[in-house]
Amino acid sequence: MTRTVIITGAGSGIGAATARRFAEDGWNVVLNGRTRDKLEDVAKDLPERHTHIAPGDVAEPDDAARLVEAAVDTFGGLTCLVNNAGIARGGAPGELSHEDFDAQMRINVGGMFNCVTAALSHLKEADGACIVNTSSVSGLGGDWQMFGYNASKGAVSNMTRAMALDLAPEIRVNAVAPSMTETDMSKGIREDAALLDRFTDRIPMGRGAKPEEVASVIAFLASADAVFVNGVVLPVDGGLSASNGQPNFSA
């Protein structure tokens, strides 16, 4: 039986690249996001009979439930859930608005909670079931003026570890933790040459990640090759998290 994956935040960036990668690997792919037009653009490149679009806001429990129902009704089951939907809002303590803090927690954390809650009974019925979450290097440590985002991605990382304990051995749960990636979220950084240099100077590989490079790791974590990988938050960061932050004295 063909495996089925739900990918949230699939309209662009890492989510869109992940959808293409899973389709290449022969999965049924269910695309979720808040903007139907973006999902339709991604779907154009995917096999029609193995692709389903299910727009909605996963931060709303009812939308998350409808998403899972659509996947099961369309393809007869669910094998993998990729919780990729997320937003970032900057601001230091005292500057970040209540609205922006709440939005990050509602989407980045609440959206994942809602989808897992809705999908759990179906995943338990599948062979090789797994959940892969998109965290961030910002969920492994702090950033200047991003404490709300850090809080949300830190929650994603620790929820991943805790779920891996609770759901094993039936369902594996892992996460990827990308550094700066060439997506809409990092557009402002990438369009400012000086700011981009400050970011890439910290990355031993000397550049940000391509969405496809993150997608390939997500696909690995969902594959049979990772059958004994559970509870891992895997940095996809070009070596950024290998450093303790001290300057490169040899440069």
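Up top you'll find the structure we're talking about.
Reading the values: rules and limits
Residues numbered from 1 in each chain as written. Predicted model: local features only at pLDDT ≥ 70, side-chain atom pairs only at ≥ 80, totals over all residues. Heavy atoms only, no water. Axes fitted to C-alpha atoms, helices over the stretch in contact; angles between N-to-C directions. Helix = DSSP H or I, 4+ residues; strand = E, 2+ residues; numbered from the N terminus. Left-handed = near helix turned anticlockwise from the far one by under 90°. Contact = heavy atoms within 4.5 Å. Nonpolar A, V, L, I, M, F, W, Y, C, P; charged D, E, K, R; others polar. 1 Å grid on protein atoms, 1.4 Å probe; cavity = no way out; pocket = protein on both sides within 12 Å on 5 of 7 lines; lining within 4 Å. Points joined across faces, edges and corners; volume = space filled by probe spheres on them. Salt bridge = Lys/Arg side-chain N within 4 Å of Asp/Glu carboxyl O. Pairing = 2+ DSSP bridges.

Chemist: Outline the packing of helix H3 (residues 61-75) against helix H4 (residues 98-123), listing residues and values.
Modeler: The N-to-C vectors of H3 and H4 enclose an angle of 35°; their axes lie 8 Å apart at closest approach. Here H3 runs over H4; the crossing is right-handed. For the pair formed by H3 and H4, the contact residues are Pro-61, Ala-64, Ala-65, Leu-67, Val-68 and Val-72 on the first element and Asn-114, Cys-115, Ala-118, Ala-119 and His-122 on the second. Counted by class, the contact of H3 with H4 contains nine nonpolar, two polar and no charged residues.

Chemist: So what about the layout of surface pockets? Which residues, and what values?
Modeler: The computed volume of the second largest pocket comes to approximately 240 Å³. Forming the walls of the second largest pocket are 18 residues, and the residues nearest its centre are Gly-128, Ala-129, Glu-170, Arg-172 and Val-227. Taken together, the residues that form the lining of the second largest pocket break down as 10 nonpolar, four polar and four charged.

Chemist: I'd like a description of the pattern of salt bridges, backed by residues and values.
Modeler: In total, this model carries nine salt bridges according to the counting rule given. Between Arg-66 and Asp-63 there is a salt bridge whose closest N-O contact spans 2.4 Å. With Arg-66 and Asp-63 both in helix H3, this residue pair falls three residues apart, about one helical turn. Each of Asp-57, Glu-60 and Arg-106 takes part in one network of salt bridges that share partners.

Chemist: Please provide a residue-by-residue account of unusual backbone geometry, values included.
Modeler: Residue Pro-169 is bonded to the preceding Ala-168 through a cis peptide linkage, with omega at 5°. In this fold, Pro-169 is placed in the loop between helix H5 (147-167) and strand S6 (172-178).

Chemist: Before we move on, could you go through the sheet that holds S6 and cite the residues and values that matter?
Modeler: With parallel pairing, the seven strands of this open sheet are ordered in space as S3-S2-S1-S4-S5-S6-S7. Every interior strand has two partners, whereas the edge strands, strand S3 (51-53) and strand S7 (233-236), have only one. Taking the axes of each pair of neighbouring strands and ignoring which way they run, one obtains an average angle of 15° across the sheet. Pairing analysis gives four bridges linking strand S1 (residues 4-7) to strand S2 (residues 28-31), with the strands arranged parallel. Following the sheet pairing, Ile-6 is matched in S2 by Val-30. This element, helix H1 (residues 13-24), spans S1, S2, strand S4 (80-83) and S6 of the sheet and lies at about 170° to S1. Contacting S1, S2 and S3, H3 crosses the sheet at an angle of about 150° to S2.

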